[in-house]
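Remarks on the overall topology
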Amino acid sequence: MNSLCLLLLVGTSQSIFGALYPRESETRNIKDLSGKWRFQIDISASRQMGFAQEWWSKKLPNWIYMPVPASYNDITQNKTIRDFVGWAWYQRDFFVPKAWNEEKVFLRVGSAHYNTIVWVNSQQVMTHEGGHLPFEKNIESKLLYGQQNNITIAVNNTLTPYTLPPGTIEHKSEDEHYPPGYFVQNIQFDFFNYAGIHRPVTLYTTPSVYIQNISIITSCVPHTRTCKLEYDVATSVALTANNPMKITYSPGVTLKVSVLDEDGNMIASSSGESGQITVNDPHLWWPIGMNETTAYLHTFSAGIYDQYNKLIDIYRLPFGFRTVEVSGTNFLINGKPFYFLGFGKHEDWDVRGKGFDWASVIKDFNMLDWLGGNSFRTSHYPYSEEIMQLCDEKGILVIDECPAVGLKTVENFSNRTLAHHKNVLTELIQRDQNHPSVVVWSVANEPNSQMPISEGYFKDVITHVKMLDSTRPVTVVCNQPYDKDLSSAFVDIVSVNKYISWYEDSGHTEVIQGKLGFYLSEWYKTRGKPIIMTEWGAGTIGGFHQDPSIMFTEEYQEVVMEQHFAVFDTLKRDFLVGEMIWNFADFATAQGVTRVQGNKKGVLTRQRQPKSAAHVLRRRYHELREQLLNPH
């Protein structure tokens, strides 16, 4: 099953990673292909019927409607579709304006889980391996302008020991008590393996000479009130004759860049594809609750002009002037100590699974503000670009995590996995490098980092990240013993998960303060680095009550929180730089005897209603946020 599902991607047309988010401008147009698509799963024993019958060349034979973006698992009343593993097929028709026939046209998929093949008008145009990140391809030669076109996307959610996250396929057909060909997907992580086209599918245009990518690095010296902006703009052709990396050279074509304030006023400018701009006394980008001026966004405008100063292409990128630094036991934003008041979180909504949905996203940000949070971790995979943009706008700090969750076996640390891991991190950093809200890269969650093979693995991974971005600290979220973990030697911040009085000492909240204080202090003695408590908490079924409290009641979750707070208040004076409760809201998991309709550790229900613990947390977070704003 594994090889059959994955071999089809070998030797096919690879996609381009979509680093620049599609934005309309004077020179660019966008057509959103989201909406209802035709959908069909391939339930043949081999999962190869769609390829044998060339479903990309005709209308799907037994289709139903499926929304895009969404996870197909939670949309129908069909158990087979909910639990399906293999190739799922999507298809729709669309028109392309005649006016686009003189433009470059790109097809962009925001994300699809996990392996994807795309056809346009029966011609294969791109493939992509991995969920959660965007990919695109130039397709103008495949389109019919002023006519109806067709797109078919096949998505396979099979996980292997070498995917991120990993899994295995277990065949049970050898046992006569199972149906012929019966198999199950085993997973190595504690959330539901949602599948489908999870984020918008769009067409966008550019001129033939266009801006491909932009990289911005800001650095500020607080005492001098001076900020520097280093930029690099990649274009489709060389704009300077001495550029050895470009084959084509366009004489007379120039690139002009400028920095605009929030009112659109130009405060600095330059020219050329790379350079440095100095800006005196700009508004800084601050996290929420740390400064009266929060999340001030400037705009970096890059324009290509011809020899007559006529605009050819323009792209405007919001950004913020801010610096991130780990200094001693402090995490600094713009030179001031910051304390993470946050959450582990999931991109998991009640009906659409992981499918992007504006109503759900805005609701989550409203609840985040109500709770007083100033940060979250994208556990355990990259979230949508739209969420990152909202964090920029609202001043929410993000620990940006790649989907390396569940690395448990020797196979999971193989060279094959390592190459894929580094490629995923490259795509993630290229996508999110310009977001001021992104302040830490997390390269894995709860790996088996006691294994000797993991030491060289994580040294290689973290070195790779620092080569791509030296401006942000790197972490591994760890649940191994402080004296046995091998990954944290290479990180800038130690991130730890531990569930005292839940998975260990179950029901005994009286031991939390002693055990947790010792545990965190030993971590600091071992590594001498600042620490974030990235997971802790207790499962709670909303509406369950008992006094004295017992596990799964709302009262028990409150007691667990209060015992942890006592330790945090002592250690945040020394080396603790953040607390992130697990979890923001209840979320779906695979079925099992330890889960009743999913993981119940949220302070909110899956429908985003507060449990009593949410009110306890809200009082604490708002009080501590006020202390960050007024430290004296």
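Scope of this entry: the structure provided in the associated data block. Per chain, residues are indexed from 1 in the order of the written sequence. The predicted origin of the model limits local features to residues at a pLDDT of at least 70 and limits the giving and counting of side-chain atom pairs to 80 or more, whereas totals for whole chains, interfaces and linings rest on all residues. Calculated side-chain values reflect all of the structure's heavy atoms, with hydrogen atoms and water omitted.

**Notes on the sheet that holds strand β20 (residues 274-280)**
- The criterion for strand pairing is that DSSP finds at least two bridges linking the strands in question. What counts as a helix is a DSSP run of H or I of at least four residues, what counts as a strand is a run of E of at least two, and both are numbered from the N terminus. Spatially, β16-β17-β20 is the arrangement adopted by the three strands of the open sheet, whose pairing is antiparallel. Looking at strand neighbours, the two that pair on one side only are β16 (211-221) and β20, the edges of this open sheet. When strand polarity is set aside, the average angle formed by the axes of neighbouring strands in this sheet is 20 degrees.
- Relative to strand β17 (residues 226-235), β16 runs antiparallel, the two sharing ten bridges. Across the sheet, Thr218 pairs through a bridge with Leu229, a residue of β17. Axis lines are fitted to C-alpha atoms, over the contacting stretch for helices. Their N-to-C directions set the angle, which ranges from 0 to 180 degrees.

**Quick look at helix α9 (residues 554-571)**
- Expected span of a helix: the number of residues minus one, times 1.5 Å. Taking 1.5 Å per residue, 18 residues should reach 26 Å; α9 reaches 26 Å between its end C-alpha atoms and fits that length.
- Contacts are residue-level and defined by heavy atoms, with any inter-residue pair within 4.5 Å sufficient. Buried residues along α9 sit in contact with α8 (512-527), β32 (531-535), β33 (576-581) and α10 (612-629).

**Looking at unusual backbone geometry**
- Residues Ser379 and His380 are joined by a peptide bond in cis, for which omega reads -5 degrees.
- Considering the arrangement of structural elements, one finds His380 in the loop between β27 (375-377) and α5 (385-394).
- Note the cis peptide between Trp582 and Asn583, where omega equals 20 degrees.
- Assignment of secondary structure puts Asn583 in the loop between β33 and α10.
- With a phi close to 70 degrees, Ser122 is a non-glycine residue in the positive phi region.
- Secondary-structure assignment places Ser122 in the loop between β8 (115-120) and β9 (123-129).
- A simple rule labels every residue: compare its accessible area, found with a 1.4 Å probe on the protein chains alone, to the largest value its type can have, and call it buried under 20%, exposed over 50%, or partly exposed in between. By relative accessible area, which is 35% here, Ser122 ends up partly exposed.
- The phi dihedral of Arg608 falls on the positive side, at around 65 degrees, and the residue is not glycine.
- Structurally, Arg608 can be placed in the loop between β33 and α10.
- The buried category is assigned to Arg608, whose relative accessible area is 5%.

**Regarding the side chain of Ser71**
- Examined against the element boundaries, Ser71 turns out to sit in the loop between β4 (64-68) and α3 (79-82).
- Note on Ser71: relative accessible area 0%, which makes it buried.
- Under the rule applied, a polar contact is a pair of N or O atoms within 3.5 Å (in protein, one hydrogen donor and one hydrogen acceptor; residues adjacent in sequence only if both atoms are side-chain atoms). Here the side chain of Ser71 touches His198 through a polar contact of 2.8 Å, side chain to side chain.
- Within the local environment of Ser71, its side chain forms a polar contact with the backbone nitrogen of Lys354, the two atoms lying 2.9 Å apart.
- Dropping the residues within four chain positions of it, Ser71 is found in contact with Tyr194, Ala195, His198, Arg352, Gly353, Lys354 and Gly355.

**Some remarks on the packing of α9 against α10**
- Direction vectors running N to C along α9 and α10 enclose 20 degrees, while the axes themselves pass 8 Å from each other. Here α9 is positioned roughly parallel relative to α10, judged by the angle of their axes. The two elements α9 and α10 cross, and the hand of that crossing is right-handed. Taking contact as the criterion, the partners of Glu554, Gln557, Glu558, Met561, Phe565, Phe568 and Asp569 in α9 are, on α10, Ser612, Ala613, Val616, Leu617 and Arg620.
- In this count, Pro and Cys sit with the nonpolar residues alongside Ala, Val, Leu, Ile, Met, Phe, Trp and Tyr, while Asp, Glu, Lys and Arg are called charged and the others, Gly among them, polar. Considering only residue class, the contact of α9 with α10 consists of six nonpolar, two polar and four charged. By the definition adopted for this analysis, an angle is roughly parallel if under 35 degrees, roughly antiparallel if over 145, roughly perpendicular if from 65 to 115, and oblique otherwise. By definition, any crossing whose near helix is turned counterclockwise from its far helix by less than a right angle is left-handed, and any crossing with a clockwise turn is right-handed.

**Quick word on the sheet that holds strand β31 (residues 494-497)**
- In spatial order, the strands read β26-β27-β28-β29-β30-β31-β32-β33; together these eight strands close into a barrel with parallel pairing. Taking the axes of each pair of neighbouring strands and ignoring which way they run, one obtains an average angle of 25 degrees across the sheet.
- Note that strand β26 (residues 340-344) and β27 share three bridges and pair parallel. Each residue of the ladder has a partner; that of Phe343, found in β27, is Phe376.
- Sheet strands in contact with α9 are β32 and β33, and its direction is about 165 degrees off that of β33.

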